[in-house]
Amino acid sequence: MDFKQIEEKWQKKWAETKLYKFDRDRVDKKYYCLEMFSYPSGAKLHAGHWYNYGPADTFARFKRMQGYEVFQPMGFDAFGLPAENYAIKTGIHPEDSTLKNIATMEAQLKRIGATYDWDYEIKTCLPDYYKWTQWMFLQLFKHGLAYQKEAPVNWCPSCNTVLANEQAQGGVCDRCGSTVTHKNLTQWFFKITAYADELLDGLDKLDWPEKTKLMQKNWIGRSYGGEIVFDVKGSEEKIRVFTTRADTVFGVTYVVLAPESPLVDRLTTPAQKEAVEAYRKKAAEATEIDRMSSTREKTGVPTGSFAINPVNGREVPILVADYVIASYGTGAVMGVAAHDERDYVFASKLGLPIERVIKGEEGQDDTLPFTEYGTLVNSGEFDGLKSEDAKLAILKKLESEGKGCLKTNYRLRDWLVSRQRYWGAPIPVIHCEHCGAVPVPEKDLPVLLPKNVNFTPNGESPLKKCDEFMHTTCPVCGRPALRDADTLDTFVCSSWYYLRYPDSKNADAPFDSEWINKMLPVDKYIGGAEHACMHLLYARFFTKVLRDLGYLNFDEPFLSLVHQGTILGPDGNKMSKSKGNVVSPDDSIQKYGADAFRLYLMFGFNYVEGGPWNDSGLEAISRFIDRVERLVKKCFENFVSAPFGKAEKELNRVRHLTIKSVTNDLEHFSFNTAVARLMEFVNAIYAYDSSVPQKNAMFKDCVRDLVLLLAPFAPHCAEELWEMLGEKYSVFNAPYPVCDEKATVLDEVELAVQINSKMRAKVTVPTDADSAAIEAAAVDAVKDMLGDKPVKKVIVVKGRLVNIIA
RNA sequence: GCCGAUGUGGCGGAAUAGGCAGACGCAAGGGACUUAAAAUCCCUCGAUGGCGACAUCGUAUCGGUUCGAGUCCGAUCAUCGGCACCA
């Protein structure tokens, strides 16, 4: 086949006939199949992109052939850091490079032959999209879900700029190599923690990979415990700590504050000031990941102040240590060296007391640090209680004294959405000296991102230097005021794009609720596992907020989720320009065609796992397509119409088994086994062809089914073969074959016979034989090997094996 | 470090609910057809031993549960993804 000509021919025809146009009148049969949208990077589409989009398109075509009205849109997540960095380096404006990249990618995506309905395309960097991103911000603001607070950013003192984590790896600035420090800025947050419980509990009903749900669950990290209040000696200050082990509170020998905690300023004694400040400065240079490492050497310095343990009045030292993270819990922890690994190491290092308050069971090794539950000792009136009961009893008592309470803590933090960058959606807030932070009225949206801005790093958000952007009037009092100079995290843009697609041309609203409630939720969402905890959580959060605001009548955006794996370079590393291991599909497509290429991607890898690129099987796939073509040509030979003989029955059985397993494999994104089944079917048709003297007319039915089964995998070739068979356009309007269960049943099955679990023989029995008959046949088959050993037990697994224990 | 995965022939990968390990394909070797090549078709193809029908071993390592473990449990090692400003 001349692939090139066929691809052009059918892509043109599909476009002309609008084959993929979503028919709004058939919304009751809709199937919303969504791949995570692309980031428009400068590089051309590589093999990895084809791997994301080709198999997903196969799935969409399969659903279409099953009779669904498939909605499969595509768009671009177009704001973000790389375009801005590229601009700083080359002087090419992010808007120019981004729109150019998008145009290139659109052309390339069309060559895959994917069934996108481009009428619904979205680009997040265009005002008619980000207008509504800003609108989303305003809704959250209005309902108390957006707020400002101080938070640290990575800061390079030498470049005088904020750095993304990616640019600050290893605590070193990737532009100049200076040590990265932290700096506090007032920034906007979304209160995702308000939905922590619902985000956690809602996971149960989702058809998502279990590991993804588990990761989200751990990310949200709900733990039940209590808050305990420590007074400070000679001060009105109070230190609140969260603990899941209130049973160990009698063993507290010190209290630790995070270096960032505002309490540190107020509690450090003059004598300790210098040491504490030096320590804080050093801590600001450490990355959070390093700080959380439990193998890292523990360090800390005393503040000079003392806290009073509320259960026994004991005075314990207050220290500052960087293993305590300000953003988790209250930014302060109670130190129980005897019953916590980390505290034990810390106390040993700093020479702090270690005192046992929990004993293990009789005979249990309870050498310190003993971190399991046990029985309380040295704990006053609570001695003798079990840990589980003591936790509650102690917290109840503290509560009655106003010194503690039961509390649920989450690892999840509120979502920081401010970015001190240019290439993003401006935050629609006006800062007025008199009225404070005032939201931009909805009628004034979008707040346009000005094009002429100097975004070379010089210590401030780039927009701050743009006077005509910054200066405005307060919508409340009308006096001069300044706009917020930061832009929104691109994750905000991608948290709601799936809602925009079906109504992407709506100028009056982000979407028409009535329509969106018919089109959503997304039925199948496909994208990388790396999004498990962030994008996929943010999108769920947005959906729940919009439901609570009355815009949506569903509470989960993605009912069913599949992660595709990653195609690595041939060297096993992630494809990247700098490593020089990017695999371009162009040569392969030139040689074998787009269909062979995408078919190979499906056959050569486990879709969910991915793996290093190798093209050793590509030629074989091309041969496979040729083999199918030759079968189509055989359909014009002579046939007989006669009742099925043994050979026909067998071929028909393979045919229906193939339909059954290919359908099932596609439902589960098991493309490689589906292709294998198609190959087996082809082999079976050839075997039939060469073994019977006169082909039965059912041969043609088999080939016809084969072309239909193949169509989602190799769309251009299948469309051509379908035409060759004399069928009417389009193969994608023909129904996918359905398995006839009766045809798949065998009269006899072969079972393995084991003696003492070792394979010894095979035996063939009627399919409907009962256990006794199978047992008898099996014992008979191996009676020579058994000799006169008595049979103790026989295990029969129908359809599989018989195990004789002798 | 923490959270989540993964580990099967020379290679990519199969193996529903614990039941014949290695489907399908690549590579390799042998053969047929051909003046020759290409294409196509047929055979072999985990390791070891044996002329042989066969036997023993074998799913990262060590241990456990079970009539039976690639699959379940425990420990170890290695690799990959995420860790909140890459998206």
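Report on the accompanying structure.

About the cut-offs
Residues numbered from 1 in each chain as written. Chains lettered and ligands numbered in written order. Predicted model: local features only at pLDDT ≥ 70, side-chain atom pairs only at ≥ 80, totals over all residues. Heavy atoms only, no water. Core = buried A, V, L, I, M, F, W, Y, C linked by side-chain atoms within 4.5 Å. Buried < 20%, exposed > 50% of the residue type's maximum accessible area, 1.4 Å probe, protein only. Helix = DSSP H or I, 4+ residues; strand = E, 2+ residues; numbered from the N terminus. Contact = heavy atoms within 4.5 Å. Pairing = 2+ DSSP bridges. Axes fitted to C-alpha atoms, helices over the stretch in contact; angles between N-to-C directions. Parallel < 35°, antiparallel > 145°, perpendicular 65-115°, else oblique. Nonpolar A, V, L, I, M, F, W, Y, C, P; charged D, E, K, R; others polar. Near = heavy atom within 4 Å. Polar contact = N/O pair within 3.5 Å; in protein donor to acceptor, adjacent residues only side chain to side chain. Expected span 1.5 Å × (residues − 1). Phe/Tyr/Trp six-rings, centres within 6.5 Å; stacked < 30°, edge-to-face > 60°. Lys NZ or Arg CZ within 6 Å of the ring centre and 35° of its normal. Patch = residues over 30% accessible without salt bridge, like charges linked within 9 Å, V, L, I, M, F, W, Y side chains within 5 Å. Areas by Shrake-Rupley, 256 points an atom, 1.4 Å probe, with all protein chains shown as cover. Salt bridge = Lys/Arg side-chain N within 4 Å of Asp/Glu carboxyl O. Lys, Arg positive; Asp, Glu negative; His and termini not counted. Charge placed at Lys NZ, Arg CZ, Asp CG, Glu CD.

**Quick notes on the nonpolar core**
- Phe190, Tyr497, Tyr498, Leu499, Phe541, Phe542 and Phe713 are the most contacted members of the largest nonpolar core, which totals 180 residues.
- When residues in this core are grouped by element, the largest group, eleven residues, is from helix α22 (residues 671-691).
- Excluding its chain neighbours within four sequence positions, the residues that come into contact with phenylalanine 542 are Met136, Leu140, Phe190, Trp415, Val492, Ser495, Trp496 and Tyr498.
- One finds Leu263, Val320, Leu352 and Ile358 within the second-largest nonpolar core, a separate group that totals 46 residues.

**Let's talk about the sheet that holds strand β17 (residues 415-416)**
- Strand order in this open sheet of four strands is β6-β5-β7-β17, and the pairing throughout is antiparallel. Each end of this open sheet is capped by a strand with a single partner; those strands are β6 (161-163) and β17.
- By the bridge criterion, three bridges tie strand β5 (residues 146-156) to β6 in an arrangement that is antiparallel. Its bridge partner lying in β6, cysteine 156 is registered against threonine 161.
- Across the face of the sheet, helix α5 (residues 127-142) comes into contact with β5 and β7 (181-190) while running at roughly 85° to β7.

**Description of the packing of helix α1 (residues 3-16) against helix α24 (residues 715-724)**
- As a packed pair, α1 and α24 sit with axes 9 Å apart at the nearest point and diverge in direction by 85°. Looking at the two axes, α1 sits roughly perpendicular to α24. Each of Phe3, Ile6, Glu7, Lys9, Trp10, Gln11 and Trp14 in α1 lies in contact with α24, whose residues at this interface are Pro715, His716, Cys717, Glu719, Glu720 and Glu723.
- Looking at the contact of α1 with α24 residue by residue, the class counts come to six nonpolar, two polar and five charged.

**Focus on the protein's contact with RNA strand B**
- Of all residues adjacent to RNA strand B, which total 67 residues, the nearest are Asp77, Asn165, Gly604, Arg627 and Lys762.
- Protein-proximal atoms of RNA strand B, defined as those within 4 Å of the protein, fall in sugar or phosphate at a share of 68%.
- Serine 616 places a polar main-chain atom, nitrogen or oxygen, 3.2 Å from a sugar or linking oxygen of RNA strand B.
- Broken down by element, the surface near RNA strand B gets its largest block of residues, seven residues, from α22.
- Classifying every residue of the surface near RNA strand B gives 26 nonpolar, 23 polar and 18 charged.

**Concerning the environment of alanine 687**
- Within the fold, alanine 687 resides in helix α22.
- When its relative accessible area of 41% is taken as the criterion, alanine 687 is described as partly exposed.
- When the C-alpha atoms of alanine 687 and alanine 647 are compared, they prove to be 9.6 Å apart, with 40 residues separating the residues in sequence.

**Examining helix α2 (residues 47-65)**
- Between its first and last C-alpha atoms α2 spans 27 Å; for 19 residues at 1.5 Å apiece the expected length is 27 Å, and the two agree.
- Counting buried residues in α2 gives 17 out of 19 residues, a clear majority hidden from the surface.
- Downstream of α2 by a residue or two, glycine 67 has a phi angle that is positive, lying close to 100°.

**Topic: the pairing of strand β28 (residues 748-755)**
- Two strands pair when backbone bridges link them, and β28 and strand β29 (residues 758-766) are joined in this way by eight bridges, in the antiparallel orientation. By the bridge assignment, glutamate 750 is partnered in β29 with threonine 764.
- What sits between β28 and β29 in their antiparallel hairpin is a turn of two residues, with asparagine 756 showing a positive phi close to 50°.
- Bridging between β28 and strand β31 (residues 801-805) involves four bridges; their strand directions are parallel.

**Overview of the packing of aromatic side chains**
- One pass over the structure, following the stated rule, counts 51 aromatic pairs.
- With 5.2 Å between their ring centres and 45° between their planes, tyrosine 51 and tyrosine 607 make a pair best called tilted. One end of the pair, tyrosine 51, is in helix α2; the other, tyrosine 607, is in the loop between α19 (594-604) and β27 (610-612), with 556 residues separating them in the sequence.
- Here tyrosine 607 falls in the buried class, since its relative accessible area comes to 3%.
- Cation over ring: lysine 183 sits above tryptophan 155, and NZ or CZ is 3.5 Å from the ring centre.
- The ring of tyrosine 323 carries lysine 298 above its face, with NZ or CZ at 6.0 Å from the centroid.

**Focus: the sheet that holds strand β1 (residues 30-35)**
- Spatial ordering of the open sheet is given by β2-β1-β24-β25, a layout of four strands whose pairing is parallel. Here the strands that pair on one side only, and so sit at the sheet edges, are β2 (69-71) and β25 (561-564). Averaged over all adjacent pairs, the angle separating strand axes in this sheet is 20°, with direction ignored.
- Strand direction decides the pairing type here: strand β24 (residues 524-528) and β25, joined by four bridges, are parallel. Within β25, the position partnered with tyrosine 525 by the bridge is leucine 561.

**What to know about a negative patch on the surface**
- Residues Asp747, Glu748, Asp768 and Asp770 make up a contiguous surface patch of negative charge.
- On the secondary structure map, aspartate 770 appears in the loop between β29 and α25 (771-781).
- On the accessibility criterion, aspartate 770 (44% relative accessible area) is partly exposed.

**Here's the deal with unusual backbone geometry**
- Here leucine 368 and proline 369 are connected by a cis peptide whose omega angle stands at -5°.
- Along the polypeptide, proline 369 turns up in the loop between β14 (358-359) and β15 (375-376).
- Following tyrosine 729, the chain continues into serine 730 via a peptide bond in cis, with omega recorded as 0°.
- Looking at the secondary structure, you find serine 730 in the loop between α24 and β28.
- Of note, the phi angle at asparagine 160 is positive, near 60°, even though the residue is not glycine.
- Position of asparagine 160 relative to the elements: it lies in the loop between β5 and β6.
- Positive phi values are uncommon outside glycine, yet asparagine 378 reaches one of about 50°.
- Residue placement: asparagine 378 occurs in the loop between β15 and α12 (387-400).

So yeah, pure geometry; function would need other evidence.
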